[in-house]
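# Chain and residue survey
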Amino acid sequence: NYNAKLLSYSYTPAAVTNTTVTPYNSMLPILTDTEIAPGTLTVTLHVRGSSQAACQASIAALLMLLYRKSEIDLEDGYLYRCIYNSASLVYRMETLMEITVTLTAVKHKALVTATLTTGSNSVSCSSAVSVRCLLQITPTADAESCTVFGITVNHLTAGKAVIIDGFNGLVQEDGLNKFLDTDMTDFPLLQPGNNTISVTGSVTVVLQYYPTYL
């Protein structure tokens, strides 16, 4: 669509910062906190056109897709959720220009969906790091409350789904804010490996998450 060919790409893994304290008279530090920052994706493309102006027009259209947020599917089998950082252009010939785009990136696989039932559920999270998730809670009958993943949701109406959206930081019912009808202090996190999630009440629950990697 943009007369462009992927020349090369490289991914610098997420930066991990560990905070430690070393007890008195001990050589072994104690890990107290871990902060994980996004990685960096660098993509280089050759863009061709009938003239330099045609090349620049294609590049401008391509950058319009990338200059804020984008989702890039690369041949390594991973998806990259990106935020634009910068771009540089190199003139190769009248009909060929080279563009290198640098993006802040989160490396992940395709969306995973699981259905939870009333009682105790085991969800295997294939992510390498803890990740936020989305919960779609649909009451099968009017109810005062239900509890999912340790979160109590109040004032439920049969058939009206409550969306606890950890991806975008929203709690909604019919597109309206429902945060105050919960006892949430933070959005739930799935940990790598097996997670035990309890569900109480007459509800069906759909859970979604993106397996995410350093």
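Structure first, text after, so check above.
Not measured: the values here are computed from a predicted model.

Our next topic: the overall build of the chain. Helix and strand counts for the chain stand at 1 helix and 20 strands. For 214 residues, the compact-globule estimate of 2.2 N^0.38 gives 17 Å, and the chain exceeds it by more than 25% at 23 Å. Taking the principal axes of the C-alpha coordinates as reference, the chain spans close to 70 × 60 × 30 Å. Look at the contacts in the chain between residues 6 or more apart in sequence, and 66% of them connect residues 24 or more apart.

Moving on to the sheet that holds strand β12 (residues 143–148). Here we have 4 strands laid out as an open sheet, ordered β9-β18-β12-β13, and antiparallel in their pairing. With one partner strand each, in any of the chains shown, β9 (119–125) and β13 (151–156) form the two edges of the open sheet. Looking at each pair of strands side by side, their axes are set apart by 20 degrees on average, direction ignored. Where β12 meets β13, 5 bridges bridge the pair, whose relative direction is antiparallel. Bridge pairing in β13 places A143 opposite L156.

Attention now goes to unusual backbone geometry. The phi dihedral of N25 is positive, around 65 degrees, even though this residue is not glycine. Residue placement: N25 occurs in the loop between β2 (16–21) and β3 (30–36). By relative accessible area, N25 is classed as exposed at 74%.

For helix α1 (residues 52–66), which comprises 15 residues, the first-to-last C-alpha distance of 21 Å matches the rise-based estimate of 21 Å (1.5 Å per residue) to within 8%. Within α1 the residues assigned to the buried category are C55, S58, I59, L62 and L66. Within α1, the buried residues cover an arc of 100 degrees as seen down the axis, which keeps them to one side. Exposed residues lying more than 90 degrees from the buried face of α1 are A53 and M64. Residues of α1 that are buried sit in contact with β4 (39–48), β5 (69–73), β6 (79–93) and β7 (96–108).

Right, let's get into the state of the cysteines. All chains considered together, the criterion is met by 0 disulfides. With no disulfide of its own, C133 lies closest to C125 among cysteine sulfurs, the gap being 8.8 Å.

Turning next to the nonpolar core. Counting 25 residues, the largest nonpolar core has I137, V153, I164, L190, V205 and L207 as its most contacted members. Only β9, β11 (134–139), β12, β13, β14 (162–165), β18 (193–200) and β19 (203–209) provide two or more residues apiece to this core. When residues of this core are assigned to their parent elements, the largest contribution, 4 residues, is made by β19. In this view, L190 contacts C125, V129, S130, V131, C133, F149, N195, I197, L207 and Y209; residues no more than four positions away in its chain are not counted. Residues L45, C55, M97 and V101 belong to the second largest nonpolar core, which totals 18 residues.

The pairing of strand β1 (residues 4–12) with β4 spans 8 bridges and is classified as antiparallel. Each residue of the ladder has a partner; that of K5, found in β4, is H46.

Let us look at the sheet that holds β19. Strand order in the open sheet made by the 6 strands is β8-β19-β11-β14-β15-β16, with antiparallel pairing throughout. The strands lining the two open edges of the sheet, one partner per strand, are β8 (112–116) and β16 (176–177). Pairing geometry for strand β15 (residues 170–173) and β16, over 2 bridges, is antiparallel. Bridging across to β16, Q172 finds its partner in N177.

With that settled, the discussion passes to the pattern of salt bridges. As a working rule, side chains carrying opposite charge can pair if their charged atoms are close by. Overall, the coordinates contain 6 salt bridges when judged by the stated rule. E98 is paired through a salt bridge with R92; the nearest N and O atoms lie 3.1 Å apart. The class for R92 is partly exposed, based on a relative accessible area of 45%. Between D174 and K160 there is a salt bridge, with the nearest N and O atoms lying 3.4 Å from each other. In this pair, D174 sits in the loop between β15 and β16 while K160 sits in the loop between β13 and β14, placing the two residues 14 residues apart along the sequence. The exposure class assigned to D174 is exposed, which follows from its relative accessible area of 56%. Taken together, the shared-partner salt bridges in this structure form one network comprising E173, K178 and D181.

About the criteria used
- Residues numbered from 1 in each chain as written.
- Predicted model: local features only at pLDDT ≥ 70, side-chain atom pairs only at ≥ 80, totals over all residues.
- Heavy atoms only, no water.
- Helix = DSSP H or I, 4+ residues; strand = E, 2+ residues; numbered from the N terminus.
- Rg over C-alpha atoms; globule rule 2.2 N^0.38 Å.
- Contact = heavy atoms within 4.5 Å.
- Pairing = 2+ DSSP bridges.
- Axes fitted to C-alpha atoms, helices over the stretch in contact; angles between N-to-C directions.
- Buried < 20%, exposed > 50% of the residue type's maximum accessible area, 1.4 Å probe, protein only.
- Expected span 1.5 Å × (residues − 1).
- Arc of directions from axis to C-beta.
- Disulfide = S-S within 2.5 Å.
- Core = buried A, V, L, I, M, F, W, Y, C linked by side-chain atoms within 4.5 Å.
- Salt bridge = Lys/Arg side-chain N within 4 Å of Asp/Glu carboxyl O.

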